[in-house]
Amino acid sequence: MFDNADDIHPLFEGAPKSTEFKKLRKRIVQGVREAVEHYGMVEPAAEKQKWLVCLSGGKDSYTLLAVLHELKWRGLLPVELLACNLDQGQPGFPATVLPEFLERMGVPHRIEYQDTYSIVKEKVPAGRTYCALCSRLRRGNLYRIAREEGCTAVVLGHHRDDILETFFMNLFHGGRLATMPPKLVNEEGDLFLFRPLAHVAEADCEKFAHAMKYPIIPCDLCGSQDGLQRQQVKQILDGWERNSPGRRQVMFRALMNARPSHLLDPKLFDFAGLSIGTPKEQEAEPEIPELR
């Protein structure tokens, strides 16, 4: 599937021919296919499905765009894809990079300009992080664009590590067990939101986008602020991964293996109604793994 250099989508032109890169590419494509199928992102009965693929210019969104177009190119993703970049008016943002790239790659796209940067700078007090308000404004505009373009879903480039970090942010700071779901319906109930990179590691996205020499655009709005909770969580996870390689993937698997009867939320499990003589109502207590 990946070895015929004459049969590729333009987004993969110039791909390294090394065995290492082929394995990387295969791993990412398989991860995306797994997420699309596992979470039912393609509706079998729908006559037409059109996805708004959000492109920020970062490594993750380039990886998402390339893999989705590869799957569509191969006939494995029966949806129409429209790439979209929301230019939020950040000073110094290279506004011509993405339009030129998308034109050169032959990717259908829409470039939208909305100066949310000025709103965020005006509304957020000095010293506070911009992420929450910036995200809400961006999401609202993307939903609007999706409706205008007749899209059924907004597709974001959040990967496995974003999902893990969000889980621990909620655990440490929000007092709840929650994270970014790979699939949800918006509050208005008229659009899906998908995260097809849910099973893909951030490190793989970085290796892939750099190997393909995609024109990466850094986010200078929030990424430059010190003390972000997400950066603190990332550092903790990095430390665990260094000490126990593969720990991130183990933790991610835990998110896919919840046991409501062994947590403490009575809304998820009827502890009050649990009675002797009905052993199947509650699973056996799991063994605690040995600490290494």
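Residues numbered from 1 in each chain as written. Predicted model: local features only at pLDDT ≥ 70, side-chain atom pairs only at ≥ 80, totals over all residues. Heavy atoms only, no water.

A. Quick look at the overall build of the protein. Along the backbone of the protein there are nine helices and six strands. In the protein, which comprises 292 residues, the proportion classed as buried is 41%. Put simply, of all contacts in the protein between residues at least 6 apart along the chain, 73% involve residues at least 24 apart. Of the roughly 16700 Å² that the protein leaves accessible, carbon and sulfur atoms contribute 52%. (Helix = DSSP H or I, 4+ residues; strand = E, 2+ residues; numbered from the N terminus. Buried < 20%, exposed > 50% of the residue type's maximum accessible area, 1.4 Å probe, protein only. Contact = heavy atoms within 4.5 Å. Areas by Shrake-Rupley, 256 points an atom, 1.4 Å probe, with all protein chains shown as cover.)

B. Fine view of the pairing of strand β1 (residues 50-54). Within β1, five of the five residues are buried, which leaves the element mostly enclosed by the surrounding structure. By the bridge criterion, five bridges tie β1 to strand β2 (residues 80-87) in an arrangement that is parallel. Residue pairing in the sheet places Cys54 in a bridge with Cys84 of β2. As for the winding sense of the linkage, the β-α-β connection from β1 through helix α2 (residues 59-73) to β2 is right-handed. (Pairing = 2+ DSSP bridges. Right-handed = clockwise from strand over helix to strand, strands pointing away.)

C. Representation of the sheet that holds strand β6 (residues 192-194) in the model. On the basis of which strands lie adjacent, the open sheet formed by six strands has the order β3-β2-β1-β4-β6-β5 and mixed pairing. Of all strands in the sheet, those bounded by a partner on one side alone are β3 (109-113) and β5 (183-185). Across the sheet, the mean angle from the axis of one strand to that of its neighbour is 25°, orientation sign disregarded. Alignment of β2 against β3, held across five bridges, turns out to be parallel. Within β3, the position partnered with Cys84 by the bridge is Arg110. (Axes fitted to C-alpha atoms, helices over the stretch in contact; angles between N-to-C directions.)

D. Quick peek at the packing of aromatic side chains. Throughout the structure, instances matching the rule amount to 12 aromatic pairs. Ring pairs connect the aromatic residues Phe12, Phe21, Tyr62, Phe101, Phe208 and Tyr214, which therefore count as one cluster. For the cation-ring pair, Arg25 lies above Phe12, with the distance from its terminal atom to the ring centre recorded as 4.0 Å. (Phe/Tyr/Trp six-rings, centres within 6.5 Å; stacked < 30°, edge-to-face > 60°. Lys NZ or Arg CZ within 6 Å of the ring centre and 35° of its normal.)

E. Layout of the nonpolar core. Counting residues in each nonpolar core, the largest one holds 42 residues, and the members touching the most others are Leu11, Trp51, Leu65, Leu68, Phe208 and Tyr214. Among the secondary structure elements, those contributing two or more residues to this core are α1 (19-38), β1, α2, β2, α3 (97-105), β4 (153-155) and α7 (202-211). Contact partners of Phe208, with chain neighbours within four places excluded, come to Phe12, Phe21, Leu24, Ile28, Thr63, Ala66 and Tyr214. Core analysis: the second largest hydrophobic core is formed by 14 residues, Leu52, Ile145, Ala146 and Val154 among them. (Core = buried A, V, L, I, M, F, W, Y, C linked by side-chain atoms within 4.5 Å.)

F. Main features of the confidence of the model for the protein. When pLDDT is averaged across the protein, the result is 88; 89% of the residues are at 70 or more. Looking at the elements of the protein, mean pLDDT is at its lowest for helix α4 (residues 116-123), recorded as 81, and at its highest for β4, recorded as 98. Contacts of residues 223-227 to residues separated by more than four positions or lying in other chains number four contacts, the stretch itself having pLDDT below 50. (pLDDT = per-residue confidence, 0-100.)

G. Spatial organisation of the packing of α2 against α7. Between α2 and α7, the least distance of the axes is 8 Å, while the angle of their chain directions is 80°. Our classification of the angle between α2 and α7 gives roughly perpendicular. For the pair formed by α2 and α7, the contact residues are Lys59, Asp60, Thr63 and Ala66 on the first element and Glu202, Cys205, Glu206, Phe208 and Ala209 on the second. Residues belonging to the contact of α2 with α7 are distributed by class as follows: four nonpolar, one polar and four charged. (Parallel < 35°, antiparallel > 145°, perpendicular 65-115°, else oblique. Nonpolar A, V, L, I, M, F, W, Y, C, P; charged D, E, K, R; others polar.)

H. Main features of the pattern of salt bridges. Across all of its chains, the model carries 22 salt bridges by this definition. Here Asp60 makes a salt bridge to Lys59, at a shortest N to O gap of 3.5 Å. Residue classification places Asp60 among the buried positions, given a relative accessible area of 16%. Judged by relative accessible area, Lys59 falls into the buried class, the value being 18%. Across the pair Arg144 and Glu148 runs a salt bridge, and its minimum N-O distance is 3.1 Å. (Salt bridge = Lys/Arg side-chain N within 4 Å of Asp/Glu carboxyl O.)

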